[in-house]
Amino acid sequence: MKIGIMGGTFDPIHYGHLILAETAYDRFNMDKVLIMPAGDPYFKADRGVSADEDRAEMVKLAIQGNPHFEFSDLELAREGDTYTVDTLTILREQYPSDDLYLIVGSDTLFQMEKWYKPQEIFNLAKILSSSRNIEVSELNDQMDYLRKKFSAKIVNLYMPNIDISSTDIRDKVKHGMSVRYFLPDSVIDYIHEKGLYHQ
Ligand code: ATP
Ligand code: MG
């Protein structure tokens, strides 16, 4: 099987994430893409991240009706810091002879080297990266750098640049601005029902 792993804080999940995951699914004839909210985003500790249950619920609402996607609580269910290398190791045990693809936006490609045990991550999974507000040449340079340094297998997933971020959505909600068409209506309704990001 070919299994995609789309991780993120998803605070909230939006169409940038969904288009990226769907593009990967389609381009590589995947069997499924796991949509996996990050457990303890230690690198985002400086701002209050929404409750795990809310981020999980928003993901479930967003992917409802798309059989290509599967919600995964593999990271949420673990206590303490959750590292991508541990997640991939668990998946590798579950799927010993399958292809694992880690799906990321290009900003993540510039952070991965500083993640815990990067070499093991690159050994365990192929990386699919989309460009996100970046020149193609700059992205290619970074991919080449990681290929050389870690023998990483990285592929550029061409998709239109979707200039949407969770930060921008949180900001808009806080200021009472519309976020319609940035993310699914079901998620917007949930945000308002729960009063998320309103202050
Ligand atoms: P925040 O603004 O809170 O950082 P975000 O929009 O960057 O949120 P994350 O949950 O941090 O969303 O992102 C999860 C993954 O999805 C990352 O690999 C990120 O690069 C990728 N991603 C997020 N938004 C986009 C987008 N608009 N286009 C392509 N990739 C994206
Ligand atoms: Mg981000």
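Higher on the page you've got the structure.
Everything numeric in this text was worked out from a predicted model, so none of it was measured. Once a new chain begins, its residue numbering starts again from 1 and follows that chain's sequence as written. Written order decides the labels, with chains lettered from A and ligands numbered from 1. With the structure being a predicted model, the display of local features is reserved for residues of pLDDT at least 70 and the display and counting of side-chain atom pairs for 80 or more, all residues being used for whole-chain, interface and lining totals. Only hydrogens and water are set aside when side-chain values are computed; all heavy atoms of the structure are taken into account.

Caption draft 1: Representation of the pairing of strand β5 (residues 126-130). Note on classification: 1.4 Å probe, protein chains only; a residue is buried when its accessible area is under 20% of the maximum for its type, exposed when over 50%, partly exposed between these limits. By the criteria applied, helices consist of DSSP H or I runs no shorter than four residues and strands consist of E runs no shorter than two, each listed in order from the N terminus. Of all five residues in β5, four are buried, a share of seventy percent or more. With five bridges connecting them, strand β4 (residues 99-105) and β5 associate as parallel partners. Bridge pairing links isoleucine 103 to leucine 128 in β5. Any two strands with at least two DSSP bridges between them are considered paired. Bridging between β5 and strand β6 (residues 154-157) involves four bridges; their strand directions are parallel. Bridge pairing in β6 links leucine 128 to valine 155. For a crossover, the right-handed case is the one in which the path from the first strand over the helix to the second runs clockwise, viewed with the strands pointing away from the viewer. Traced from β5 through helix α6 (residues 136-150) to β6, the parallel crossover comes out right-handed.

Caption draft 2: Here's a closer look at the sheet that holds β4. With respect to topology, six strands assemble into an open sheet ordered β3-β2-β1-β4-β5-β6, the strand pairing being parallel. Only two strands of the sheet have a single partner each, and these edge strands are β3 (69-71) and β6. Each adjacent strand pair in this sheet contributes to an overall mean axis angle of 30 degrees, direction not counted. Each of β1 (2-8), β2 (32-37) and β4 touches helix α3 (residues 84-94); the most contacted strand, β4, lies at about 150 degrees to it. Angles here are taken between N-to-C directions and fall from 0 to 180 degrees, while the axes themselves are lines fitted to C-alpha atoms, restricted in helices to the stretch in contact. Here a residue-residue contact requires only that any non-hydrogen atoms of the pair lie within 4.5 Å.

Caption draft 3: Quick peek at the packing of helix α2 (residues 52-63) against helix α8 (residues 185-194). Where α2 contacts α8, the two axes come as close as 8 Å, and the packing angle between them is 150 degrees. Taken together, the axes of α2 and α8 are roughly antiparallel relative to one another. As for the relative orientation of α2 and α8, their crossing is right-handed in sense. Here Glu53, Asp54, Glu57, Met58, Leu61 and Ala62 of α2 come into contact with α8, specifically with Ser186, Val187, Tyr190, Ile191 and Lys194. Working definition: roughly parallel below 35 degrees, roughly antiparallel above 145 degrees, roughly perpendicular at 65 to 115 degrees, and oblique for all remaining angles. Whether a crossing is left-handed or right-handed is set by the direction in which the near helix is turned from the far one by less than a right angle, anticlockwise for left-handed and clockwise for right-handed.

Caption draft 4: A look at the site of ligand 1. Taken together, 24 residues form the shell around ligand 1, and within it Asp107, Thr108, Ile162, Ser166 and Thr167 come nearest. In protein, a polar contact means a hydrogen-donor-capable atom and an acceptor-capable atom, both N or O and within 3.5 Å, with residues adjacent in sequence counting only if both atoms are side-chain atoms; elsewhere, any N or O pair within 3.5 Å suffices. One nitrogen or oxygen atom from the side chain of aspartate 107 is found 2.5 Å from an oxygen atom belonging to ligand 1. Arginine 132 is positioned such that a nitrogen or oxygen atom in its side chain is 3.0 Å from an oxygen atom of ligand 1. Here ligand 1 loses 91% of its free accessible area of 600 Å² to cover by the protein chains. Those elements that place two or more of their residues in the shell around ligand 1 are β1, α1 (15-27), β4, α4 (106-109) and α7 (166-174). The near set for a molecule or strand comprises every residue that places at least one heavy atom within 4 Å of it. To measure how exposed things are, a 1.4 Å probe is used in the Shrake-Rupley method; for residues, cover is taken only from the protein chains shown.

Caption draft 5: Region of interest: the side chain of serine 106. Position of serine 106 relative to the elements: it lies in helix α4. According to the relative accessible area criterion, serine 106 is buried, its value standing at 1%. Those residues in contact with serine 106 that lie beyond four places of it in its chain are Ser129, Ser130, Ser131, Arg132, Ile134 and Leu139.

Caption draft 6: Focus on the nonpolar core. Judged by nonpolar contacts, the single largest core of 35 residues is most densely connected at Ile13, Val33 and Ile35. Going through the elements one at a time, α1, β2, α2, β4, α7 and α8 are the ones with two or more residues in this core. For isoleucine 35, the residues in contact, after removing those within four places along its chain, are Met6, Phe10, Ile13, Ala21, Val59, Ile63, Phe69, Glu70, Phe71 and Ser72. Within the second largest apolar cluster, 25 residues are counted, among which are Ile3, Met112, Leu124 and Met143. Put simply, buried Ala, Val, Leu, Ile, Met, Phe, Trp, Tyr and Cys residues joined by side-chain atoms within 4.5 Å make one nonpolar core.

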